[in-house]
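# What the coordinates show
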Amino acid sequence: EAGVAQSPRYKIIEKRQSVAFWCNPISGHATLYWYQQILGQGPKLLIQFQNNGVVDDSQLPKDRFSAERLKGVDSTLKIQPAKLEDSAVYLCASSQTRNTGELFFGEGSRLTVL
Amino acid sequence: LAKTTQPISMDSYEGQEVNITCSHNNIATNDYITWYQQFPSQGPRFIIQGYKTKVTNEVASLFIPADRKSSTLSLPRVSLSDTAVYYCLVGVSGSARQLTFGSGTQLTVLP
């Protein structure tokens, strides 16, 4: 079974530029999550989707971050404009349903903002 | 949200049993306890989840006392490849708020 796919693995941009990350969850998984992990810290939930609807985006900095999952399968997370403090690994995870603590994570996309 | 407290780091030797304790004094009645493992440059991996008493799978055991104010992840006979960060999460199954990670415990297994 294929795991959660993310791209790109690495991205370096200048501050105020934009960047987008893509995630393809495990086939059949209805719930998709985006996390931000700053070096030395645990992952922080940014947004949770159930199919193509947003369940929780309370920790998403909506002035610069946006995410969509239009067809309820793959998802894109965008940052515009990027700030230095956005340097982090962006992790995508999926689960079969909302009612589980078992998430399957991708390898992440490492963003460096200069 | 129930706050969790874990040791920042632990060292062990190959072949030993390792116990990592997590404190969650304000755990709510409906909260579950979940543990994840994370290797460098990888996403976290689910290890085990429990509500009370003891849960065991092929990888680890989870011990939860009656008051549920703490839990212990037990890794039998660790190897060098078990060197990783281990996260304890407490929350309500089905809620995104369950999925709040702390800083975790860095376990280093020595030869």
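Predicted model only: the values in this text are computed from it and were never measured.

So, on to the overall build of chain B. Check the secondary structure of chain B and you find 0 helices and 9 strands. Along chain B, helices (α) and strands (β) appear in the sequence β-β-β-β-β-β-β-β-β when read from the amino end. Relative to a compact globule of 111 residues, whose C-alpha radius of gyration would be 13 Å, chain B shows 13 Å and is just as compact. Across its three principal axes, chain B shows a C-alpha extent of roughly 40 × 30 × 25 Å. Put simply, chain B has 111 residues, and 45% of those count as buried. Within chain B, counting contacts between residues at least 6 apart in sequence, those at least 24 apart form 55% of the total. Here chain B has roughly 5400 Å² of accessible surface; of this, 52% comes from carbon and sulfur atoms. With 8 positive and 7 negative side-chain charges, chain B shows a spacing of 11 Å between the two charge centroids.

Let us look at the sheet that holds strand 7 (residues 70–75) of chain B. Residue and element names in this part refer to chain B. The sheet built from 4 strands is open, its strands ordered 2-7-6-5 with antiparallel pairing. Of all strands in the sheet, those with a lone pairing partner are strand 2 (18–23) and strand 5 (53–56), marking the two edges. Between one strand axis and the next, the sheet turns by 15° as a mean value, whatever way the strands run. Examined bridge by bridge, strand 2 and strand 7 share 6 bridges and lie antiparallel to one another. Bridge pairing in strand 7 links Val18 to Leu75.

The next point concerns the pattern of salt bridges. Residues and elements named next belong to chain A. Taken as a whole and assessed by the stated rule, the structure comprises 3 salt bridges over all chains. For Arg9, the salt bridge is made with Glu107, and the minimal N-O distance between the two is 3.1 Å. Of this pair, Arg9 sits in the loop between strand 1 (5–7) and strand 2 (10–13) while Glu107 sits in the loop between strand 10 (104–105) and strand 11 (109–113), and the two are 98 residues apart along the sequence. The exposure class assigned to Glu107 is partly exposed, which follows from its relative accessible area of 44%. The residue Arg64 makes a salt bridge to Asp86 at a minimum N-O spacing of 2.4 Å. Placement of the pair is Arg64 in the loop between strand 6 (53–56) and strand 7 (65–68) and Asp86 in the loop between strand 8 (75–79) and strand 9 (88–95), with a sequence separation of 22 residues. As far as the burial class goes, Arg64 and Asp86 line up, both buried.

Residues and elements named next belong to chain A. Within the secondary structure, His29 sits in the loop between strand 3 (19–24) and strand 4 (31–37). Each C-alpha atom of the pair His29 and Ala67 lies 18 Å from the other, and the pair is 38 residues apart in sequence. Excluding residues that lie within four positions of it along the chain, His29 makes contacts with Arg69, Ser94, Ser95, Gln96 and Phe104. Separated by 2.8 Å, the side chains of His29 and Ser94 make a polar contact.

Residue and element names in this part refer to chain B. Structurally, Ser74 can be placed in strand 7. Residue classification places Ser74 among the buried positions, given a relative accessible area of 5%. At 3.4 Å, the side chain of Ser74 and the side chain of Glu17 are in polar contact. Here the side chain of Ser74 touches Asn19 through a polar contact of 3.0 Å, side chain to side chain. Residues within four places of Ser74 in sequence aside, it is in contact with Glu17, Val18, Asn19, Ala60, Ser61 and Phe63.

Bringing the pairing of strand 5 (residues 44–50) of chain A into the picture now. Residues and elements named next belong to chain A. With respect to burial, strand 5 is a largely interior element, 5 of its 7 residues being buried. Relative to strand 5, strand 4 runs antiparallel, the two sharing 6 bridges. The residue of strand 5 that forms the bridge with Leu32 is Phe49. Taken together, strand 4 and the strand that follows it, strand 5, pair antiparallel across an intervening segment of 6 residues, in which Gly40 is found at a positive phi of about 85°. Bridging between strand 5 and strand 6 involves 3 bridges; their strand directions are antiparallel. Directly across from Phe49, in strand 6, lies its bridge partner Val54. Linkage of strand 5 to strand 6, two consecutive antiparallel strands, is achieved through a turn of 2 residues, within which Asn51 is found at a positive phi near 55°.

Rules and cut-offs
Residues numbered from 1 in each chain as written. Chains lettered and ligands numbered in written order. Predicted model: local features only at pLDDT ≥ 70, side-chain atom pairs only at ≥ 80, totals over all residues. Heavy atoms only, no water. Helix = DSSP H or I, 4+ residues; strand = E, 2+ residues; numbered from the N terminus. Rg over C-alpha atoms; globule rule 2.2 N^0.38 Å. Buried < 20%, exposed > 50% of the residue type's maximum accessible area, 1.4 Å probe, protein only. Contact = heavy atoms within 4.5 Å. Areas by Shrake-Rupley, 256 points an atom, 1.4 Å probe, with all protein chains shown as cover. Lys, Arg positive; Asp, Glu negative; His and termini not counted. Charge placed at Lys NZ, Arg CZ, Asp CG, Glu CD. Pairing = 2+ DSSP bridges. Axes fitted to C-alpha atoms, helices over the stretch in contact; angles between N-to-C directions. Salt bridge = Lys/Arg side-chain N within 4 Å of Asp/Glu carboxyl O. Polar contact = N/O pair within 3.5 Å; in protein donor to acceptor, adjacent residues only side chain to side chain.

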